[in-house]
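Listed below are the residues making up each chain.
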There are 2 protein chains.
Amino acid sequence: MNQTVIPKPDYEAALREAGVRITRPRRVILGILSDAGDHPDAMEIFRRAVAIDSSISLSTVYRTMKLLEGIGAIHRHAFEGGPSRFEPAVGDHHDHLIDIETGDVIEFQSDRIEELQQEIARELGYEIVHHRLELYGRKRRRR
Amino acid sequence: MNQTVIPKPDYEAALREAGVRITRPRRVILGILSDAGDHPDAMEIFRRAVAIDSSISLSTVYRTMKLLEGIGAIHRHAFEGGPSRFEPAVGDHHDHLIDIETGDVIEFQSDRIEELQQEIARELGYEIVHHRLELYGRKRRRR
DNA sequence: CTTCTATTTGCAAACGATTTGCAATTGCAT
DNA sequence: ATGCAATTGCAAATCGTTTGCAAATAGAAG
């Protein structure tokens, strides 16, 4: 049987690269991130971390998120309403569809939309630094 | 000389419609909103309001924003980083380009992008309830 | 125009998410 | 092993926003 390879980012290497120390709390958090299939928020990461090492603090989770975001290893998403949610910066760019009933996040990608955005920005005399495209919806009733 | 008509929403009618009282603070805030050409946040609306009636409180600004949002008279935008910013819900749907240097907001509209979003959602088995498309950029250096 | 009451207000305190100061701990280069 | 800068946990601070409450007031009724 053939599985699609889901790349796991080598955070430790990235951190070493950035010249920061690999500490126990960080190792735990990195582990959680690398096998998170979802888009957890800081509190959720904290919960998972505490289950592994009860001495980890929420501050450290936040600090580590900021650090990883800084070196571009994760992306922070401020979806509507809730706290920021994080995702490993692995694979190529994509946008998000958020299930407003469950909070589930589905990733999608559209070259065409990206092109149109560039076009629009150019016409307005701007260069895009980054953008945010989020669709909020609910599962279509099966018919 | 001919000017494009910038429609001013009749908030008072909308409020009466909603069955709420037209109070002095509300009148002041509504006035500010109807001739705001920008996308002010609550604090900015508060400042402008205090300049007219120094007894108005920030709570009332927040409460009024919530009220107006509830009846669909204004839109709330949670652009990156800062507090929510508001805009009269007048005219047709549009998205926003935010100048990351100045905070200026430029409105744009793309039927094509809207269509593509619908298409994507449909393919994923979802119906879009609402969406958010924000371009963050800087003025292209004139060359 | 007064009377009445439910709605609205200002204030201060509470809130949720996130950040920070600080003293104690710990990686890790030597 | 040693030493010191980086990192931690904790509690307190921060920011934007909401809320409880007693006082003020819009506006319907007379």
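Thresholds, definitions, all that
Residues numbered from 1 in each chain as written. Chains lettered and ligands numbered in written order. Predicted model: local features only at pLDDT ≥ 70, side-chain atom pairs only at ≥ 80, totals over all residues. Heavy atoms only, no water. Buried < 20%, exposed > 50% of the residue type's maximum accessible area, 1.4 Å probe, protein only. Helix = DSSP H or I, 4+ residues; strand = E, 2+ residues; numbered from the N terminus. Contact = heavy atoms within 4.5 Å. Near = heavy atom within 4 Å. Polar contact = N/O pair within 3.5 Å; in protein donor to acceptor, adjacent residues only side chain to side chain. Nonpolar A, V, L, I, M, F, W, Y, C, P; charged D, E, K, R; others polar. Core = buried A, V, L, I, M, F, W, Y, C linked by side-chain atoms within 4.5 Å.

1. Looking at helix α2 (residues 24–34) of chain A
Logical step 1: A:Val28, A:Ile29, A:Leu30, A:Ile32 and A:Leu33 are the residues of α2(A) that are buried.
Logical step 2: Where α2(A) is buried, its residues touch α1 (11–17), α3 (42–52), α4 (58–70), β1 (74–77) and β2 (85–88) of chain A.

2. Things to note about the protein's contact with DNA strand D
Logical step 1: In the neighbourhood of DNA strand D, 20 residues make up the surrounding shell, with A:Arg26, A:Ser55, A:Thr60, A:Arg63 and B:Tyr62 lying closest.
Logical step 2: In the interface set of DNA strand D, defined as its atoms within 4 Å of the protein, sugar plus phosphate atoms amount to 66%.
Logical step 3: The side chain of B:Ser59 places a nitrogen or oxygen atom 3.3 Å from a base oxygen of DNA strand D.
Logical step 4: At a separation of 2.8 Å, a phosphate oxygen of DNA strand D approaches a polar side-chain atom of B:Lys66.
Logical step 5: Among the elements that make up the surface near DNA strand D, the one with the highest residue count is helix α4 (residues 58–70) of chain B (four residues).
Logical step 6: Class assignment for the residues of the surface near DNA strand D results in six nonpolar, eight polar and six charged.

3. Observations concerning the nonpolar core
Logical step 1: A:Leu135 and B:Leu135 are the most contacted members of the largest nonpolar core, which has 20 residues in total.
Logical step 2: For this core, the secondary-structure elements that each account for two or more residues are α5 (111–123) and β5 (126–139) of chain A together with α5 (111–123) and β5 (126–139) of chain B.

4. Examining the environment of A:Thr60
Residue and element names in this part refer to chain A.
Logical step 1: Here Thr60 lies in helix α4.
Logical step 2: It is 17 Å that separates the C-alpha atoms of Thr60 and Ser34, two residues lying 26 residues apart in sequence.
Logical step 3: Setting aside its immediate chain neighbours within four residues, Thr60 contacts Pro25 and Ile29.

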